Amino acid sequence: QVSVINTVDTSHEDMIHDAQMDYYGTRLATCSSDRSVKIFDVRNGGQILIADLRGHEGPVWQVAWAHPMYGNILASCSYDRKVIIWKEENGTWEKTYEYTGHDSSVNSVCWAPHDYGLILACGSSDGAISLLSYTGDGQWEVKKISNAHTIGCNAVSWAPAVVPGSLIEQPSGQKPNYIKRFASGGCDNLVKIWKEDDGQWKEEQKLEAHSDWVRDVAWAPSIGLPTSTIASCSQDGRVFIWTCDDASGNSWSPKLLHKFNDVVWHVSWSITANILAVSGGDNKVTLWKESVDGLWACISDVNKGQGGVSAVTEGQQNEQ
Amino acid sequence: MDESDTEPPLVVVPGADPSARQLCFAWGPAEVLVCETLFGRAGGSRSRAAAAARALTRSVAGTGEGAPSSSRVFVVRRDQDIYIQTLRKLFNESHGIFMGLQRSEEELAGKSRKAQLVQVSKNYRSVIRACMEDMHQAAVSTRDPALQGQYSTQVSILSAMELIWNLCEILFVEAAAAGPLLLRLLDWVRLHVCDVDSMVREVLSSESPSKHKLFWNVVDVFVLQGRMDEARHLLSKEASANPTSMNMYKILDDLMKKMPVPSLGNTQTLTELELKWQHWHEECQRYLQDGTFASNPHMESICKILLGDEDAILEKKELMTTWYHFLVTRLLYSHPTVKPLELRFYAQSSMDLFLGGESSPEPLDMILMAAFEFEMHQVIKECSIVLSNWWFVAHLTDLLDHCKILQSHNLYFGSNMREFLLLEYASGLFSHHSLWQLGVDYFDHCPEYGRVYLELHIERIPLSTEQKALKVLRICEQRQMHEQVRSICKIMAMKALRNNRLGSALSWSIRAKDAAFATLISDRFLKDYCERGCFSDLDLIDNLGPSMLLSDRLTFLGKYREFHRLYGEKRFPEAARLLLTLMTAHIAPCSFWMTLLTDALPLLEQKEVIFSAEQTYELMRCLEDLTAGNPDKQKFQDDDVETTKVEMLRLALARNLARVIIKEGTVEGS
């Protein structure tokens, strides 16, 4: 049911921790314990190494592509406590900014919706979350949320940009008043929602349901519904789907997607938010198409409308 | 969430390392990324620190911990039919039919509307058949056995699709009533049970058909399919070859001729038909019981078939090949006036009798059964599961929806099954480099979520060429998707800037109404001018028009160019005025004043006095403002070139002032 259309041999000398496609699926960025970040051109089934970026002094945990309107920009975060922002200038990739304000491993980076400008959220094992905003002319402004999560922050994920009130066309040049929000997950077993208020970031919500470290959070893209949805996964093997029905963001209710037998490390939503991918400690990735509460229509009643649509695994014989 | 009863299907990524590693996953716009990794440590260590420490010690020690970890990333894509070249026609042409259907007027009511919808259904089916034909040709002409296998599989899939669609057309779109229903079903069977065609051809084309060993098989086939005339024709050959059975033949022939069948022309009511049929049936019965055909087992069996004897019909299993053929034959000979809602009982029992517990029903059988049971939702559901594309269910459901027979299923958020399927189908199209354009139209006809899905997908189309970007832009502009328009223009502007195509970057940022970017690019233009002494992309700057007002810097750029133009046309007073305005109205940035003043030099040096006294005073004031207010006085003074320039300007201004005072003070004529 699937084909491998390309196998990219990254030649990383150690474990790969993250691989991300750019916006259009034309480039692939990978990062590894070998401290390097590599970028490949993968158009038409090819694999051309465009850049081998060195600058980190420890395993690199995540990479994130910025929106193409800002140019070709990639962020990476590492055990070496650094966040590096790389940019392609005149055909070559270079370090354009390095942030060293964290005291411990930086575990996760996530770019904000392009409507807000060029803003990067970074979560670190020192418990803090930093927000790097590009102010122009090569300058970055830093805002830090200290003690966002006790012991450490493992993941950050931005909410989609939604203009409050009616979506009237703003006169050109005027920036609409966005309410910026993002979610974070930490070693305090909590998922937190942060909101920018008057230039300051404040903790808006505390979502409690996990009994162990939260490893990843993912805010689902918006398809115009007034509801917001967040997926979180944890060391406790559980994946929760949090939904908030009202626009003011006050009442979030969790729904257990599944309890796995092992740590769940990553969750991510497809572009139109209709499929959730879950990577677990067992050598599988499961894809979920939710239909609880009739939220998502499920035609393929394979599992009575709930549960996994397909699982991706390696090496084992097809059990069917 | 309830636990699922059945395991979700396991998809194996070919080529992945079978050792117990974990899989890292990322969504691409169309494909997904899968790579082997190890989160934390296999033993369950939770800290990143431990994993990092291991990595560091490993690199320091220089030895690997067991086998080197895999460094491969797999780009995985769901096997979608949109990537099959030969199906391209299917997608393109069905798109046309779909659009036609959406636009078709609903003012036609009743029969005409139904006829219109049936025509649409037939059009879809003919597209499927055309595709089958192409695929078949491809299969026959290729030498590669793998490809041939692929094509052949496709042909069977298309054939199954057409089979199902045809049945749905009869039962749901046309909603054939008792009477015509049977005739339609007969047509359906004749069209789709082709396994016997070659045998038929062989017998008919032989020298003496009645002597052919398969002769009776062919007669049986005709009888089973209700092709009475053809059966009788063949039988007549047999009769003339065997005069002894002439009597039997005549009776059988007569029975076959007289068999009452439903007619399309409404010339008789169902009751009339049933009555006639009853009489005929009894007559057949009498002949059979009298032993009329006793001496010819073939003819006897035919008579039994005419009487609807299940066992007799079932004996001819291999000639029918499918249970639904058996079903229709049964109906023909036992209940020709079957009503649509009665079909389900006959269907179930037919399948049971035919398969006889030897084999279990296949997915196709289940789909057809669901259709016979008029469970439309079930049909769609099963098809969705079995087929590897959304094409079929999306278009079929859309058609059924137009027939107004799909009850709205309780899909909570207001959307319905039709829209759901169309969204899935169209989303799939977007991963294709050219079929995405079809997807746009499908999204347009999804009232609930079409727009937002389009917004999300259209942003991901790689803008590899200017034409493509313009195409995407046009689509967005037509639909007032302003955010997307701005976003695309910004992306193109950024791209152009990176490739040093300033003119292109400027026009894109104007289109994006991006003042900040326009300022940036204008600065680049001006910098270029300062370095090279000339402008690039003159055409663009000359024709800015009102878009000049987008940003101050851009306005300056435009006006500055105008100054040069005026100078070139020797319209010196106008040029002079403009130059001055640029500084006094603060259109020019301070950093540029020196350049402007230097540009004024030739005007000051002209034989004819150009600047008026007042203007000269203004210029002087500007110069003083510039030199006095300059914090970099040190630099100014140290830089010889700069000091010389200032000196020259002061001199020129003074000289001009002198001349102009005289000129203005002179009374005309004296």
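- Looking up chain B in an unreviewed UniProt entry gives the name Nuclear pore complex protein Nup85, with the organism given as Gymnorhina tibicen.
- Of the comments in the UniProt record for chain B, the one headed Subcellular location (unreviewed entry) reads "Nucleus, Nuclear pore complex".
- What UniProt states about chain B under its Function (unreviewed entry) heading is, verbatim, "Functions as a component of the nuclear pore complex (NPC)."

- Naming follows an unreviewed UniProt entry, where chain A appears as Protein SEC13 homolog of Gymnorhina tibicen.
- Among the UniProt annotations of chain A, the heading Sequence similarities (unreviewed entry) holds the following wording: "Belongs to the WD repeat SEC13 family."

**Some words on the sheet that holds strand β12 (residues 129–136) of chain A**
All names here are of chain A.
Okay, so step 1: Reading across the sheet, the four strands line up as β10-β11-β12-β13 and stay open at both edges, with antiparallel pairing between neighbours. Taken across any chain shown, the strands that pair with only one partner, and hence form the sheet edges, are β10 (106–111) and β13 (139–145). Mean inter-strand twist for the sheet, computed between neighbouring axes without regard to direction, equals 20°.
Okay, so step 2: As judged from the five bridges shared by strand β11 (residues 119–124) and β12, these two strands associate in the antiparallel manner. Residue pairing across strands places Ile119 opposite Ser133, the latter belonging to β12.

**With respect to the sheet that holds strand β17 (residues 200–208) of chain A**
Residue and element names in this part refer to chain A.
Okay, so step 1: One open sheet accounts for four strands, arranged β14-β15-β16-β17; its pairing is antiparallel. With partners counted over all chains shown, the strands left at the sheet margins are β14 (153–158) and β17, one partner each. Adjacent strand axes in the sheet meet at a mean angle of 25°, parallel and antiparallel pairs treated alike.
Okay, so step 2: Examined bridge by bridge, strand β15 (residues 181–186) and strand β16 (residues 190–197) share five bridges and lie antiparallel to one another. For Gly185, the partnering residue across the bridge sits in β16 and is Val191.

**Re the packing of aromatic side chains**
Okay, so step 1: Tallying each qualifying case throughout the model produces 40 aromatic pairs over all chains.
Okay, so step 2: Aromatic side chains B:Tyr124 and B:Trp165 sit 4.9 Å apart centroid to centroid with 45° between the ring planes, which places their arrangement in the tilted category. Of this pair, B:Tyr124 sits in helix α3 (residues 110–141) while B:Trp165 is found in helix α4 (residues 145–173), placing the two residues 41 residues apart along the sequence.
Okay, so step 3: Taken together, the aromatic side chains of B:Tyr529, B:Phe556, B:Tyr560, B:Phe563, B:Tyr567, B:Phe572 and B:Phe592 make up a single cluster linked through ring pairs.
Okay, so step 4: When the ring centre of A:Tyr116 is taken as reference, the NZ or CZ atom of A:Lys180 above it lies at 5.7 Å.
Okay, so step 5: The ring centre of A:Tyr23 lies 4.0 Å from the NZ or CZ of B:Arg460, which sits over that ring.

**Notes on the pairing of strand β9 (residues 92–99) of chain A**
All names here are of chain A.
Okay, so step 1: Where strand β8 (residues 83–89) and β9 come together, seven bridges link them in antiparallel fashion. Opposite Lys87, over in β9, you have Glu94 as the bridge partner.
Okay, so step 2: Here β8 folds back onto β9, and the loop between the two strands holds two residues, one of which, Asn90, carries a positive phi near 55°.

**Looking at the packing of helix α23 (residues 482–498) of chain B against helix α24 (residues 502–511) of chain B**
Residue and element names in this part refer to chain B.
Okay, so step 1: As a packed pair, α23 and α24 sit with axes 8 Å apart at the nearest point and diverge in direction by 165°. With respect to their mutual orientation, α23 and α24 come out roughly antiparallel. Helix-helix and strand crossings are classified by hand; for α23 and α24 the assignment is left-handed. Counting all contacts with α23, which are made through Cys489, Met492, Ala493, Ala496 and Leu497, the residues of α24 involved are Leu502, Ser504, Ala505, Trp508, Ser509 and Arg511.
Okay, so step 2: Classifying every residue of the contact of α23 with α24 gives eight nonpolar, two polar and one charged.

**Regarding the pattern of salt bridges**
All names here are of chain B.
Okay, so step 1: Going through the model one piece at a time under the given rule, you end up with 47 salt bridges over all chains.
Okay, so step 2: When the shortest N-O distance is used, the salt bridge between Asp523 and Arg553 registers 2.4 Å. Placement of the pair is Asp523 in helix α25 (residues 515–532) and Arg553 in helix α27 (residues 552–568), with a sequence separation of 30 residues.
Okay, so step 3: We classify Asp523 as partly exposed; its relative accessible area is 33%.
Okay, so step 4: If you follow the salt bridges from partner to partner, you end up with Lys122, Arg125, Arg129, Glu162 and Glu169 in one network.

Definitions and cut-offs
Residues numbered from 1 in each chain as written. Chains lettered and ligands numbered in written order. Predicted model: local features only at pLDDT ≥ 70, side-chain atom pairs only at ≥ 80, totals over all residues. Heavy atoms only, no water. UniProt positions renumbered as here; feature names shortened; annotations may be inferred. Pairing = 2+ DSSP bridges. Helix = DSSP H or I, 4+ residues; strand = E, 2+ residues; numbered from the N terminus. Axes fitted to C-alpha atoms, helices over the stretch in contact; angles between N-to-C directions. Phe/Tyr/Trp six-rings, centres within 6.5 Å; stacked < 30°, edge-to-face > 60°. Lys NZ or Arg CZ within 6 Å of the ring centre and 35° of its normal. Parallel < 35°, antiparallel > 145°, perpendicular 65-115°, else oblique. Left-handed = near helix turned anticlockwise from the far one by under 90°. Contact = heavy atoms within 4.5 Å. Nonpolar A, V, L, I, M, F, W, Y, C, P; charged D, E, K, R; others polar. Salt bridge = Lys/Arg side-chain N within 4 Å of Asp/Glu carboxyl O. Buried < 20%, exposed > 50% of the residue type's maximum accessible area, 1.4 Å probe, protein only.

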